[in-house]
Amino acid sequence: MAKKDKSEYIIQAVDHALDLLEQFRDDVDELGVTELSKRLKLHKNNVFRLLATLEARGYIEQNRVTENYRLGLKTLELGQTFIRQMGLLRQSRPVLEWLVKQCNETAYVAILKELSIVYLDVVETDLTVRVVPRVGSRLPAYCTAAGKVQIAYLTDEELDNFFPTKELKPFTPYTITDRDELRKHLKLVVEQGYAIDNEELDIGVRCVAAPIRDYTRRIIGAVSLSGPSMRFTDERMDKELIPLVQQAADEISMKLGYHK
């Protein structure tokens, strides 16, 4: 069976919405329904429906004086997210490579997305026994080192919004499932400046992570090391892995303009 071309899967309404957004470029800051209709070769009713949808999501806003439309704040947020993530990836890659050379364990850089963390990049160990890379996948923040070291700096109110139920889903017998217990644990994470996943997501796997900050001092991600518990002993964590991951996080942060 012949594989379909990706163009056959295009959703026309989404395609039109993106065409509409792309009309606001160069020195074009505002456009009316009539002008957009001409540019897009669409009926005014269709253009109005597209505008109403994009406006409801914050990607378009209406100038109440001129009644024309312009880009909304959501487009700025999206652009800033892209720039931030690309900057984070570019600056973190050589540090991850250095980190793996120091300890020969798999290193990641991850960001927080809603209730989950997303691994953006990984440099693997060359050892046979290793943790399977999870780049691009979403994992729960409360039972991963890279997640805990980021949510640890949220306020109590933000944590309650993150976890509206008192009991959290257990993944292993070691998962912290009580929200109040998690809050106490996260305070310790802030005090020590790093987080450990002690087989809380996967049996036999331990991780350690430290926060990455940008020039505004805001935490924008985490760098972590992950490996089998038999290699991530308490002694090795204390003497080697924790200092290394903190050094790596500090290095990436400084590259992003952070100063202690």
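Residues numbered from 1 in each chain as written. Predicted model: local features only at pLDDT ≥ 70, side-chain atom pairs only at ≥ 80, totals over all residues. Heavy atoms only, no water.

### A closer look at the overall build of the chain
Here is step 1: Secondary structure assignment for the chain yields eight helices and eight strands.
Here is step 2: In terms of its C-alpha atoms, the chain occupies a principal-axis envelope of roughly 70 × 50 × 40 Å.
Here is step 3: When contacts within the chain are restricted to residue pairs at least 6 apart in sequence, those whose partners lie at least 24 apart make up 56%.
Here is step 4: Within the structure as shown, the chain displays about 15000 Å² of accessible surface, and the carbon and sulfur contribution to it stands at 52%. (Helix = DSSP H or I, 4+ residues; strand = E, 2+ residues; numbered from the N terminus. Contact = heavy atoms within 4.5 Å. Areas by Shrake-Rupley, 256 points an atom, 1.4 Å probe, with all protein chains shown as cover.)

### Section: the side chain of T144
Here is step 1: Among the secondary structure elements, T144 is positioned in the loop between β5 (138-140) and α5 (145-151).
Here is step 2: T144 sits in the buried class, given a relative accessible area of 2%.
Here is step 3: What T144 contacts, discounting residues up to four positions off in sequence, is I117, L139, D197 and L201. (Buried < 20%, exposed > 50% of the residue type's maximum accessible area, 1.4 Å probe, protein only.)

### Looking at the sheet that holds strand β8 (residues 219-228)
Here is step 1: Read across the sheet, six strands follow the order β5-β4-β3-β8-β7-β6 without closing on themselves; strand pairing throughout is antiparallel. Two strands bound the open sheet, and with one partner strand each, they are β5 and β6 (195-198). In this sheet, adjacent strand axes meet at a mean angle of 35° when their direction is disregarded.
Here is step 2: Bridge count for strand β4 (residues 116-123) against β5 is three bridges, and the pairing is antiparallel. Bridge pairing links I117 to L139 in β5.
Here is step 3: Lying on the sheet, helix α8 (residues 234-255) is in contact with β6, β7 (205-213) and β8; it crosses β7 at an angle near 30°. (Pairing = 2+ DSSP bridges. Axes fitted to C-alpha atoms, helices over the stretch in contact; angles between N-to-C directions.)

### Examining helix α7 (residues 179-192)
Here is step 1: In this model, α7 (14 residues) spans 20 Å end to end at C-alpha, consistent with the 20 Å of a helix rising 1.5 Å per residue.
Here is step 2: Every buried residue of α7 is accounted for by R179, L182, R183, L186 and V189. Projection of α7 onto a plane perpendicular to its axis shows the buried side chains occupying an angular sector of 110°, all on one side. Along α7, the residues that are exposed and aim more than 90 degrees away from the buried face are K184, K187 and E191.
Here is step 3: Following α7 by one or two positions, G193 adopts a phi angle in the positive range, close to 80°. (Expected span 1.5 Å × (residues − 1). Arc of directions from axis to C-beta.)

### Regarding the UniProt feature "domain: HTH iclR-type" (unreviewed entry) in the chain
Here is step 1: The sites that UniProt annotates as "domain: HTH iclR-type" (unreviewed entry) are residues 11-73.
Here is step 2: For residues 11-73, the helix share is 51%, the strand share is 10%, and the end-to-end C-alpha distance is 25 Å. (UniProt positions renumbered as here; feature names shortened; annotations may be inferred.)

### A word on the nonpolar core
Here is step 1: Grouped together as the largest cluster of nonpolar side chains are 29 residues, with contacts concentrated most on Y119, Y142, A146, I151, F163 and L182.
Here is step 2: Breaking this core down by element, the ones donating at least two residues are β3 (106-113), β4, α5, α6 (156-162), α7 and β7.
Here is step 3: Of all the elements, α5 adds the most residues to this core, at four residues.
Here is step 4: Grouped together as the second largest cluster of nonpolar side chains are 28 residues, V100, Y194, L225 and I242 included. (Core = buried A, V, L, I, M, F, W, Y, C linked by side-chain atoms within 4.5 Å.)

### Considering unusual backbone geometry
Here is step 1: Even without being a glycine, E67 presents a positive backbone phi close to 65°.
Here is step 2: Among the secondary structure elements, E67 is positioned in the loop between β1 (60-62) and β2 (69-71).
Here is step 3: One non-glycine residue with positive phi stands out, namely N104, at about 55°.
Here is step 4: In this fold, N104 is placed in the loop between α4 (73-103) and β3.
Here is step 5: Given the relative accessible area of 23%, N104 is considered partly exposed.

### Some details on the pattern of salt bridges
Here is step 1: Using the criterion set out here, one finds 18 salt bridges in the structure.
Here is step 2: Between R236 and E240 there is a salt bridge; the shortest N-O distance is 2.8 Å. Taken together, the residues R236 and E240, both in helix α8 and four residues apart, mark about one turn of the helix.
Here is step 3: A relative accessible area of 18% places R236 in the buried class.
Here is step 4: A relative accessible area of 26% places E240 in the partly exposed class. (Salt bridge = Lys/Arg side-chain N within 4 Å of Asp/Glu carboxyl O.)

### Remarks on the packing of aromatic side chains
Here is step 1: What the rule picks out here adds up to three aromatic pairs.
Here is step 2: Centroid distance Y108 to Y119: 4.4 Å. Interplanar angle 40°. Geometry classified as tilted. Of this pair, Y108 sits in strand β3 while Y119 sits in strand β4, placing them 11 residues apart in sequence.
Here is step 3: By relative accessible area, which is 3% here, Y108 ends up buried.
Here is step 4: Classification of Y119 as buried rests on a relative accessible area of 7%.
Here is step 5: Summarising the aromatic geometry, the rings of Y142 and F163 are spaced 5.7 Å apart at their centres and angled 85° between planes, so their arrangement reads as edge-to-face. Remark: F163 occurs in the loop between α6 and α7 and Y142 occurs in the loop between β5 and α5; sequence separation between them is 21 residues.
Here is step 6: Feature note: the residues Y142, F163 and F171 constitute an aromatic cluster, connected by ring pairs.
Here is step 7: The ring centre of Y153 lies 5.2 Å from the NZ or CZ of R213, which sits over that ring.
Here is step 8: Positioned above the aromatic ring of F232 is the side chain of R236, whose terminal nitrogen or guanidinium carbon lies 6.0 Å from the ring centre. (Phe/Tyr/Trp six-rings, centres within 6.5 Å; stacked < 30°, edge-to-face > 60°. Lys NZ or Arg CZ within 6 Å of the ring centre and 35° of its normal.)

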